[in-house]
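Spelled out from the first residue to the last, the chains are:
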Amino acid sequence: MRRFAELFFSFFKIGLFTFGGGYAMIPIIQREVIDNRHWIEQQEFLDLLTLAQSAPGPISLNTAVFVGYKMYGYRGALSALLGVILPSFLIILVVAIFFSQIRENAIVDAAFKGMRPVVVALILAPILGFTKGLHWTMISVAAVVAFVIWHFGISPIYLLLAGAVGGALWVAARGKEVKR
Amino acid sequence: MIYLQLFISYLKIGFFGFGGGYAMLSLIQNEIVVQNGWLTNAEFADIVAISQMTPGPIAINSATYVGYSVAGFWGSVVATISVCMPALTIMTLITRFFLLLKDNHIFKGIISGMRPIVIGMIVSAALLLLFPSTQEGASFIDAWSWGLFLGACYLSYRKVNPIMLIVLSALAGIAIYYLPTLIA
């Protein structure tokens, strides 16, 4: 029982101190899991991280699951997962409960009017980095995808499936990796 | 049956949430704003802002928030658990079959094929907020909005911390939209 608690609290700590999510979490997870606890080897962590990034779902969740599973199987995965989601669950629950009460407040309303356009900028910010080194055909595909989802309200799920099938067929036909 | 709807929506979001954080926004937006109308576009932008200031991934944050606002405490529990379930199952399988997948060409092809889609999804999330189909619940309301947007684009290009940008924009919002009402 104690080992599950250790896993739970380690990931609780990780969940509590990672703002902004995603890649910002990785160094923190690395320090806790590799340097402090020696739960997993550096190389193995990096290899699994690559897969965690290609799997669906938030990186932090995926990392918690693979570290937990690697250590104590399914129950380990569950303990680490619960640990990493609980802080955000509790915090957002409190926010949701109180937000509806202060939402109509003039100052809060003004603050959110200021924040909304900036959120859009933050969403767009990583795009430049992502397209770097990508072939122009792939960039055109991305542009068409963006237009189709935005203009027709089509669920991105169908496009993801199409991309997955297309990528698999391409590799099967050419016998090598898709040009990036 | 609202719990079932929340369960299915967030299961889909969890299952198809490739590309992490911002790519999932498009999926969340499609399910929550476009398909089910649980939130307006502006409310969706508000959650993204809140999510930047609180710890944890946006998928979890939005699940808890939307679940609570649609169906109370149990709604938030249902949505949060269902968004985690795919990650739990899929990552367990991946960890178990790690060596098989590591150098598999088809697997790599699938991942590379989804890459441009994921980029397009991120852009579409921004487009929907920039140019919504209805003005009700729009994120851009006047010239100030565009000024803040362009300023934030420049500052995030210069690698200014996103949390800092959110806090600054909240202060700017108060200065632009609240302070003048005091004088008037």
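Residues numbered from 1 in each chain as written. Chains lettered and ligands numbered in written order. Predicted model: local features only at pLDDT ≥ 70, side-chain atom pairs only at ≥ 80, totals over all residues.

Enquirer: Before we move on, can you summarise the domain arrangement of chain B with the specific residues and values?
Expert: Residue and element names in this part refer to chain B. What the domain assignment lists for chain B is domain 1 (2–140) and domain 2 (141–184). Each partner contributes to the interface: domain 1 provides 5 residues, whereas domain 2 provides 6 residues. A class-by-class count of the residues in the side of domain 1 that touches domain 2 yields 4 nonpolar, 1 polar and no charged. (Domains from an automatic or database assignment. Contact = placed C-beta atoms within 7 Å. Nonpolar A, V, L, I, M, F, W, Y, C, P; charged D, E, K, R; others polar.)

Enquirer: Please give an account of the environment of B:S9 that cites residues and values.
Expert: All names here are of chain B. Within the element layout of this structure, S9 appears in helix α1 (residues 2–15). C-alpha of S9 to C-alpha of M24: the two residues are 15 residues apart in sequence and 13 Å apart in space. Dropping the residues within four chain positions of it, S9 is found in contact with E31 and N36. (Helix = DSSP H or I, 4+ residues; strand = E, 2+ residues; numbered from the N terminus.)

Enquirer: An account of the interface of chain A and chain B is needed here, citing residue identities and associated values.
Expert: Counting from both sides, the interface comprises 84 residues of chain A and, opposite them, 92 residues of chain B. Mapped onto the side of chain A that touches chain B, the elements with two or more residues apiece are α1 (2–16), α3 (42–54), α4 (59–102), α5 (106–124), α6 (127–131), α7 (136–152) and α8 (156–174) of chain A. Here the side of chain A that touches chain B gets 20 residues from one element, more than from any other, and that element is α4(A). Here the residues of the side of chain A that touches chain B are counted per class, giving 61 nonpolar, 17 polar and 6 charged.

Enquirer: Can you lay out helix α6 (residues 105–130) of chain B for me, pointing to particular residues and giving the numbers?
Expert: Residue and element names in this part refer to chain B. Counted at 1.5 Å a residue, the expected span for α6 with its 26 residues is 38 Å, and the 38 Å between its end C-alpha atoms agrees. The principal kink in α6, of about 30°, is found at R115, preceding the proline P116 by one to four residues. Across the 26 residues of α6, 22 count as buried, placing the element largely inside the fold. (Expected span 1.5 Å × (residues − 1). Bend = angle between axes of the 7 residues up to and from the residue. Buried ≥ 20, exposed ≤ 12 C-beta atoms within 10 Å, placed from the backbone.)

Enquirer: Please give an account of the nonpolar core that cites residues and values.
Expert: Soluble globular proteins: nonpolar side chains tend toward being buried together. Membership of the largest hydrophobic core comes to 113 residues, with the highest contact counts inside it found for A:V65, A:L81, A:V118, A:I123, B:I122 and B:A126. Counting residues per element, this core draws most heavily on α4(A), which supplies 17 residues. Leaving out residues up to four positions away in the same chain, A:I123 has contacts with B:Y22, B:L25, B:I122, B:A125 and B:A126. (Core = buried A, V, L, I, M, F, W, Y, C linked by C-beta atoms within 7 Å.)

Enquirer: So what's going on with unusual backbone geometry? Which residues, and what values?
Expert: Residues other than glycine seldom take positive phi values, yet A:H38 does so here, at roughly 55°. For A:H38, the location among the structural elements is in the loop between α2 (25–36) and α3. For B:K159, which is not glycine, the phi torsion reads 65° and is therefore positive. For B:K159, a count of 8 C-beta atoms within 10 Å puts it in the exposed group.

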